[in-house]
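# Observations on the model geometry
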Amino acid sequence: MSWRKSSRSDNEASCVEVRSSLDALRDSKNPGPELLAPGLPDLIRFLKSVR
């Protein structure tokens, strides 16, 4: 699986990465542990709807 870095991050700062399947998150500076997030697609849809 591939990971995508936040578009709001720059190369110097820590950031959050999301797995391409949208079911996990991780810290880009410490990519070992993953946080499983099975509800992430629903959260993303919600956040986009309240912009």
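Residues numbered from 1 in each chain as written. Predicted model: local features only at pLDDT ≥ 70, side-chain atom pairs only at ≥ 80, totals over all residues. Heavy atoms only, no water.

This part is about the sheet that holds strand β3 (residues 24-27). With antiparallel pairing, four strands are arranged side by side in an open sheet as β1-β2-β3-β4. The two strands at the open ends of the sheet, each matched to only one other strand, are β1 (3-5) and β4 (30-36). Strand-to-strand twist in this sheet, taken as the mean axis angle between neighbours without regard to direction, amounts to 30°. Across three bridges, strand β2 (residues 16-19) lies against β3 in antiparallel orientation. Counterpart to Val18 in the pairing with β3 is Leu25. (Pairing = 2+ DSSP bridges. Helix = DSSP H or I, 4+ residues; strand = E, 2+ residues; numbered from the N terminus. Axes fitted to C-alpha atoms, helices over the stretch in contact; angles between N-to-C directions.)

Our next topic: the side chain of Arg19. Mapped onto the elements of the fold, Arg19 is located in strand β2. A polar atom in the side chain of Arg19 sits 2.8 Å from the side chain of Asp23. (Polar contact = N/O pair within 3.5 Å; in protein donor to acceptor, adjacent residues only side chain to side chain.)

Turning to the pairing of β2, a few remarks are in order. In this sheet, β2 lies alongside β1 in antiparallel orientation, the contact comprising three bridges. Within β2, the residue paired with Lys5 across the bridge is Glu17. Between β2 and β3, which follow one another and run antiparallel, lie four residues, and Leu22 among them has a positive phi close to 60°.

Attention now moves to a positive patch on the surface. A cluster of like positive charges, contributed by Arg4, Arg8, Lys48 and Arg51, occupies part of the molecular surface. Within the secondary structure, Lys48 sits in helix α1 (residues 40-49). Overall, Lys48 belongs to the exposed group, its relative accessible area being 56%. (Patch = residues over 30% accessible without salt bridge, like charges linked within 9 Å, V, L, I, M, F, W, Y side chains within 5 Å. Areas by Shrake-Rupley, 256 points an atom, 1.4 Å probe, with all protein chains shown as cover. Salt bridge = Lys/Arg side-chain N within 4 Å of Asp/Glu carboxyl O. Lys, Arg positive; Asp, Glu negative; His and termini not counted. Charge placed at Lys NZ, Arg CZ, Asp CG, Glu CD. Buried < 20%, exposed > 50% of the residue type's maximum accessible area, 1.4 Å probe, protein only.)

This part is about the confidence of the model for the protein. The predicted coordinates ought not to be read in detail in places where the model reports low pLDDT. Taken as a whole, the protein shows an average pLDDT of 84; of its residues, 94% reach a score of 70 or greater. Mean pLDDT per element in the protein: β4 is the minimum at 86, and β3 is the maximum at 89. (pLDDT = per-residue confidence, 0-100.)

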